[in-house]
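The chain contents come next:
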Amino acid sequence: MAVSVTLPALGESVTEGTVTRWLKAEGERVEADEPLLEVSTDKVDTEIPSPAAGVLASIKVAEDETVEVGAELAVIDDGTGAPAAAPAPAAEEVAPPAPEPAAAAQPSTEQEAPAPAPTPEAAAGGGSAEGTDVVLPALGESVTEGTVTRWLKQVGEEVAEDEPLLEVSTDKVDTEIPAPVAGVLLEITVGEDETAEVGAKLAVIGAPGAAPAAQASDEGAYVTPLVRKLAAENNVDLGSVKGTGVGGRIRKQDVLAAAEAAKAAAAAPAPAAAPAAAKKAPTLEASPLRGQTVKMPRIRKVIGDNMVKALHEQAQLSSVVEVDITRLMKLRAQAKDSFAAREGVKLSPMPFFVKAAAQALKAHPAVNARINVDEGTITYFDTESIGIAVDSEKGLMTPVIKHAGDLNIAGIAKATADLAGKVRANKITPDELSGATFTISNTGSRGALFDTIIVPPNQVAILGIGATVKRPAVIETEEGTVIGVRDMTYLTLSYDHRLVDGADAARYLTAVKAILEAGEFEVELGL
């Protein structure tokens, strides 16, 4: 029986998706719930699992094509499962899918026939005398090369079939390359940060128990050519460098750090003359992107389109207040150890800001609203669902703490840690990225004092949290006015002036400031 694979609903406002990569090819066997393809929407990139076990009989939507929710993506034959029953893939109809690494484990006799591009069978390397070659597979129709960003295994380690072996970056996707067979990683032929063409040999895997070939004299550890070159240029003895990579592998950062440490030691004056809090300029490496023209990642295009849309449709401006959070930081320092033991998550300053922002929203509805332009109406929300901006390798994402106004500090801390973890692990769902009524962006997490943040579409305000710094400040006490060292931060509210006036913004910021400076969180922290 033929089973149709359709594009499922991926969130309340998601109406379409783009097929970014097929994980299976026509004629291949798939299991129920096994990832079948990857789809990108304007909110999230996600995998679509197979609804049934069987053979992928037909692919209806090619890579890079966009279809609406409910559209048929493929057909699975759940009958005999014989590959012969499935139609042969047609290159002129469907973009070549990403090869399935598991197929690469089987030695191939088809390599005798010339082929313009490596096939999954070719990826296995044909089982050379030394072992099975791991080659860079085809990763898309126009992808001709990839850069090894990280080896997840080192020479001499045991690997299981289909276990992630290394990470590769191309101009379209960052992906893991699995081991085609089980065994021992005998040799690495392309080091980290090196670029190879599709079909190039990356490594060799031998039979279980096999001994790796000798590759380096530095304590027997494999060292990439790039690392070895850097060590020679900086007069660094690799034998004295402690590696921070997987399994103690020496990475280029380790060599550069050792070189800087040697320079600092040579240049350091006698201990008596050295300043106690001396600082040195950071070592900045030139980015490999300099001089490059690359395709804009889809997530960056989506973020950009949304921001431009928001700026064009809203009358945006910002207001800033300065907040003394000395009391709050002292409470956090007192409670963080017991809080982590009791709640299972770290207590960062962020939950306090979310709590204060949500409390103030209840008294200032103009800041927690949506303008319905077509209807000429305003919706004042009766819940405080707060989006939190999270920086990830793919770009900025904003998961939502639903009903944050009903949560205590512990609940907010757990929700924040859970959502941020899912974003960075690429496991966030569309529903977890939708439904925000207000947004908070911690722009100070990287040291910025404040920022003029952009209000997201369908909201009227966003709160930015600046870096917390120690500064002398004027303090009013019962004994009079004094100057003391305080923990200070800036709060920025960007807002849509069509609904929120400057006075509204000031009143809201003043309310948040008062809650944070009072720091009345002892009960929630168990103090």
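Residues numbered from 1 in each chain as written. Predicted model: local features only at pLDDT ≥ 70, side-chain atom pairs only at ≥ 80, totals over all residues. Heavy atoms only, no water.

What follows deals with the overall build of the chain. Counting its secondary structure elements, the chain contains nine helices and 27 strands. Within the chain, buried positions represent 42% of all 527 residues. Long-range contacts, defined here as pairs at least 24 residues apart, represent 62% of the contacts in the chain between residues at least 6 apart. When the accessible surface of the chain is summed, it comes to about 27100 Å², and 53% of that surface belongs to carbon and sulfur atoms. (Helix = DSSP H or I, 4+ residues; strand = E, 2+ residues; numbered from the N terminus. Buried < 20%, exposed > 50% of the residue type's maximum accessible area, 1.4 Å probe, protein only. Contact = heavy atoms within 4.5 Å. Areas by Shrake-Rupley, 256 points an atom, 1.4 Å probe, with all protein chains shown as cover.)

With that settled, the discussion passes to the packing of helix 6 (residues 350-363) against helix 7 (residues 409-424). As a packed pair, helix 6 and helix 7 sit with axes 9 Å apart at the nearest point and diverge in direction by 115°. Two packed elements cross with a definite hand, and for helix 6 against helix 7 that hand is right-handed. When helix 6 is examined against helix 7, the residues M350, P351, F352, V354 and K355 are found in contact with a partner set consisting of I409, I412, A413 and T416. Classifying every residue of the contact of helix 6 with helix 7 gives seven nonpolar, one polar and one charged. (Axes fitted to C-alpha atoms, helices over the stretch in contact; angles between N-to-C directions. Left-handed = near helix turned anticlockwise from the far one by under 90°. Nonpolar A, V, L, I, M, F, W, Y, C, P; charged D, E, K, R; others polar.)

We now examine the packing of aromatic side chains. Counting across every chain of the model gives three aromatic pairs. For the pair F352 and F521, a centre-to-centre distance of 5.1 Å together with 65° between the ring planes defines the contact as edge-to-face. Taken together, the positions of F352 in helix 6 and F521 in the loop between helix 8 (502-518) and helix 9 (522-525) put the pair 169 residues apart, joining distant regions of the chain. For the pair F352 and F521, a shared accessibility class is recorded, and that class is buried. (Phe/Tyr/Trp six-rings, centres within 6.5 Å; stacked < 30°, edge-to-face > 60°.)

What follows covers the sheet that holds strand 2 (residues 16-22). Spatial ordering of the open sheet is given by 5-4-2-7, a layout of four strands whose pairing is antiparallel. The sheet is open, and its two edges are formed by strand 5 (45-49) and strand 7 (66-68), each paired on a single side. Between one strand axis and the next, the sheet turns by 40° as a mean value, whatever way the strands run. For strand 4 (residues 35-40) and strand 5, the ladder comprises five bridges, and the chain directions are antiparallel. Across the sheet, the residue bridging to L37 is I48, located in strand 5. (Pairing = 2+ DSSP bridges.)

Next up on the list: unusual backbone geometry. The phi torsion at D33 lies on the positive side, around 70°, for a residue other than glycine. Tracing the sequence through the fold places D33 in the loop between strand 3 (29-30) and strand 4. Residue D33 is classed as exposed on the basis of its relative accessible area of 62%.

On to a nonpolar patch on the surface, then. Judged by side-chain polarity, V320, L449 and F450 come together as a nonpolar surface patch covering roughly 260 Å² of accessible area. Along the chain, the position of L449 falls in the loop between strand 24 (438-441) and strand 25 (461-465). Its relative accessible area of 40% is what places L449 among the partly exposed residues. (Patch = residues over 30% accessible without salt bridge, like charges linked within 9 Å, V, L, I, M, F, W, Y side chains within 5 Å. Salt bridge = Lys/Arg side-chain N within 4 Å of Asp/Glu carboxyl O.)

To continue, consider the sheet that holds strand 16 (residues 201-206). Taken in spatial order, the four strands line up as 9-16-14-11 in an open sheet, and their pairing is antiparallel. This sheet does not close on itself; its edge strands, each paired only once, are strand 9 (132-135) and strand 11 (158-159).

A separate point is the pattern of salt bridges. A side chain with one charge can pair with a side chain of the opposite charge if their charged atoms come near. All told, the structure shown has 20 salt bridges when counted by the stated rule. With a closest N to O distance of 3.0 Å, K301 and D305 form a salt bridge. Of this pair, K301 and D305 both sit in helix 4 (residues 298-313), four residues apart, which is roughly one turn of that helix. On the basis of relative accessible area, D305 is assigned to the partly exposed category, the value being 43%. Close ionic contact of K414 with E343 constitutes a salt bridge, the shortest N to O distance being 3.0 Å. Placement of K414 in helix 7 and of E343 in helix 5 (residues 326-343) is noted, with a sequence separation of 71 residues between them. With relative accessibility at 38%, the residue K414 sits in the partly exposed group. For E343, a relative accessible area of 21% corresponds to the partly exposed category.

Bridging between strand 18 (residues 369-372) and strand 19 (residues 377-380) involves four bridges; their strand directions are antiparallel. Bridged to N372 within strand 19 is T377. From the end of strand 18 to the start of strand 19, which pair antiparallel, there are four residues, and G376 there has a positive phi angle of about 70°.

With that settled, consider the side chain of T383. Its place among the elements puts T383 in the loop between strand 19 and strand 20 (386-388). Its relative accessible area of 15% is what places T383 among the buried residues. Within the structure, T383 has its side chain in polar contact with the side chain of H403 (distance 2.8 Å). When neighbours within four sequence positions are excluded, T383 is seen to be in contact with N368, H403 and T437. (Polar contact = N/O pair within 3.5 Å; in protein donor to acceptor, adjacent residues only side chain to side chain.)

Here we take up helix 7. Helical geometry note: an α-helix holds 3.6 residues per turn, so side chains three or four residues apart project in the same direction. Taking 1.5 Å per residue as the helical rise, helix 7 with its 16 residues ought to reach 22 Å, and the 23 Å between its terminal C-alpha atoms agrees with that figure. Taking the backbone nitrogen of A410 as reference, a side-chain oxygen 3.3 Å away marks N408 as the first, capping residue of helix 7. Immediately beyond the C-terminal end of helix 7, within one or two residues, lies N426, with a positive phi of roughly 60°. (Expected span 1.5 Å × (residues − 1).)

Moving on, we come to the pairing of strand 10 (residues 145-151). In this sheet, strand 15 (residues 195-197) lies alongside strand 10 in antiparallel orientation, the contact comprising three bridges. Bridge pairing in strand 15 places G146 opposite A196. Pairing of strand 10 with strand 12 (residues 164-169) involves four bridges; the strand directions are antiparallel. Along strand 12, the bridge assignment pairs V148 with V168.

Let us now look at the confidence of the model for the chain. Confidence along the chain averages 81 in pLDDT terms, with 82% of residues attaining 70 or more. Low pLDDT (under 50) marks residues 81-129, which in the prediction has 73 contacts with non-local residues, meaning those over four places away or in another chain. (pLDDT = per-residue confidence, 0-100.)

We now examine the environment of I454. Relative to the helices and strands, I454 resides in the loop between strand 24 and strand 25. Since its relative accessible area comes to 28%, I454 is described here as partly exposed. Along the sequence, I454 and D496 sit 42 residues apart, while their C-alpha atoms lie 9.6 Å from each other.

Another point: helix 8. Taking 1.5 Å of rise per residue, 17 residues should cover 24 Å, and helix 8 covers 24 Å from first to last C-alpha, within 8% of that figure. Those residues of helix 8 that sit buried are D504, A505, Y508, L509, V512 and L516. Looking down the long axis of helix 8, one finds its buried residues gathered within 125° of arc, a one-sided arrangement. Of the surrounding elements, those touching the buried residues of helix 8 are strand 17 (316-324), helix 5, helix 6, strand 24, strand 25 and strand 27 (480-496). (Arc of directions from axis to C-beta.)

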